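One letter stands for each residue in the lines below.
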Amino acid sequence: MTTQEVADYLRVKQRTIYEMVTCQTIPFTRATGKLLFPRRLIDVWLEAQTEAPVAGVFQAAPIYAGSNDPLLEWALRQSGAGLAVLTHGSTHGLRELADGRAMLTGSHLLDAASGEYNLPAVRSHMPGGGFVMIHWARRVQGLLTAPGNPRAISGLEDVVTQGLRFAARTAGAGSQQLLDVLLGRSGLTADALQLALRHAETHADLATMIEMGEADCGIGLQAAAGRLGFVPLIGDESFDLVMRRRDYFEPQVQALLAFARTDAFIARAAHLTGYDVTNLGKVRWNS
């Protein structure tokens, strides 16, 4: 919507919209020098401002959506949190959370401009207040290869020059966004890659594709490498959990966080390798 259209939609003066943009209290974007207001984000923003007289009116679905993470998904099962798991990538999870179709989402989106993880993306998807982002783990991401790395891959340049079959991730996935950033840093583009016939849906799916000969390599977690070769590219990726502030206190989330403080959880993280859970539970953002 244009400035005039959003003013009409909210039944306020156009001057009020400009004041809200200046104070950054309303979701907006700039395109070709013009202010634009995505209707979906405006509707979500309005919902966040609503004062509901009856508790639970906006109860989120008991679902974890977002990025695939082996340690988190194991902890969700072992903790008895009671959250169903729906993993279709970091961006998809943020949309599900914003629209009220998920209680919890996990994200590892790297912003190319700032070099910061998650916060720019979360702010753009979560207009208004009432959301919180807490840290889950630092992770090691890199290239999964065939056992022993027989092609002596050391980076994306080797993938391109050798014409290796690369298993991409779905659009909006954090690993796919990381790939785009790493390609840019190397002076490469996605067009230079010879892609496998299908996308890898999860880190485990990527590992299986390489084991079965469907792909030569792909971006994945050290924790998913197992017997495969692994070439580290990013050693401090931040994986964070996002939720509505009120849902932080719900039994499902509290059960997960309580389990993450147990010896069994710490041992599992160490066994998987590539995880640093030192700051797990630290609040990174509170709107």
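**Structural notes on the overall build of the chain**
Part 1 of the argument: For the chain, the count of helices and strands is 11 helices and 12 strands.
Part 2 of the argument: Compactness check: the chain gives a C-alpha radius of gyration of 21 Å against a globular reference of 19 Å for 287 residues, within 12% of the reference.
Part 3 of the argument: Going through the 287 residues of the chain one by one, you find that 48% of them count as buried.
Part 4 of the argument: A fraction of 71% describes how many contacts in the chain between residues 6 or more apart in sequence connect residues 24 or more apart.
Part 5 of the argument: Within the structure as shown, the chain displays about 13600 Å² of accessible surface, and the carbon and sulfur contribution to it stands at 52%.
Part 6 of the argument: Distance from the positive charge centre (26 side chains) to the negative charge centre (28 side chains) of the chain: 4 Å.

**Considering the environment of A171**
Part 1 of the argument: Take A171: it is sitting in the loop between strand 7 (165–166) and helix 8 (174–185).
Part 2 of the argument: With relative accessibility at 75%, the residue A171 sits in the exposed group.
Part 3 of the argument: Here the alpha-carbon distance between A171 and G274, two residues 103 residues apart in the chain, equals 24 Å.

**Here we look at the side chain of S175**
Part 1 of the argument: One can find S175 in helix 8.
Part 2 of the argument: A polar atom in the side chain of S175 sits 3.1 Å from the side chain of Q141.
Part 3 of the argument: Excluding residues that lie within four positions of it along the chain, S175 makes contacts with H108, Q141, R169, H203 and I219.

**A few points about helix 4 (residues 70–79)**
Part 1 of the argument: Counting buried positions along helix 4 gives seven out of 10 residues, so the element sits mostly inside the fold.
Part 2 of the argument: Buried within helix 4 are the following residues: L71, L72, E73, W74, A75, L76 and S79.
Part 3 of the argument: Of the residues flanking the end of helix 4, it is G80, one or two places downstream, whose phi is positive at about 70°.

**Examining the pairing of strand 5 (residues 104–107)**
Part 1 of the argument: Of the two faces of strand 5, the one lined by L104 and G106 and the one lined by T105 and S107 are each fully buried.
Part 2 of the argument: Inspection of the sheet shows strand 3 (residues 63–66) paired to strand 5 by three bridges, in the parallel sense. Its bridge partner lying in strand 5, Y64 is registered against L104.
Part 3 of the argument: In the sheet, strand 5 pairs with strand 10 (residues 229–244) via four bridges, with the strands oriented antiparallel. Counted as the bridge partner of T105 is V242 from strand 10.

**Considerations on helix 10 (residues 251–259)**
The α-helix winds at 3.6 residues per turn, so residues separated by three or four positions along the chain end up facing the same way.
Part 1 of the argument: Those residues of helix 10 that fall on the buried side of the exposure criterion are Q252, V253, L256, L257 and F259. Buried residues of helix 10 fall within an arc of 165° about the axis and therefore sit on the same side.

Cut-offs used in this document
- Residues numbered from 1 in each chain as written.
- Predicted model: local features only at pLDDT ≥ 70, side-chain atom pairs only at ≥ 80, totals over all residues.
- Heavy atoms only, no water.
- Helix = DSSP H or I, 4+ residues; strand = E, 2+ residues; numbered from the N terminus.
- Rg over C-alpha atoms; globule rule 2.2 N^0.38 Å.
- Buried < 20%, exposed > 50% of the residue type's maximum accessible area, 1.4 Å probe, protein only.
- Contact = heavy atoms within 4.5 Å.
- Areas by Shrake-Rupley, 256 points an atom, 1.4 Å probe, with all protein chains shown as cover.
- Lys, Arg positive; Asp, Glu negative; His and termini not counted.
- Charge placed at Lys NZ, Arg CZ, Asp CG, Glu CD.
- Polar contact = N/O pair within 3.5 Å; in protein donor to acceptor, adjacent residues only side chain to side chain.
- Pairing = 2+ DSSP bridges.
- Arc of directions from axis to C-beta.

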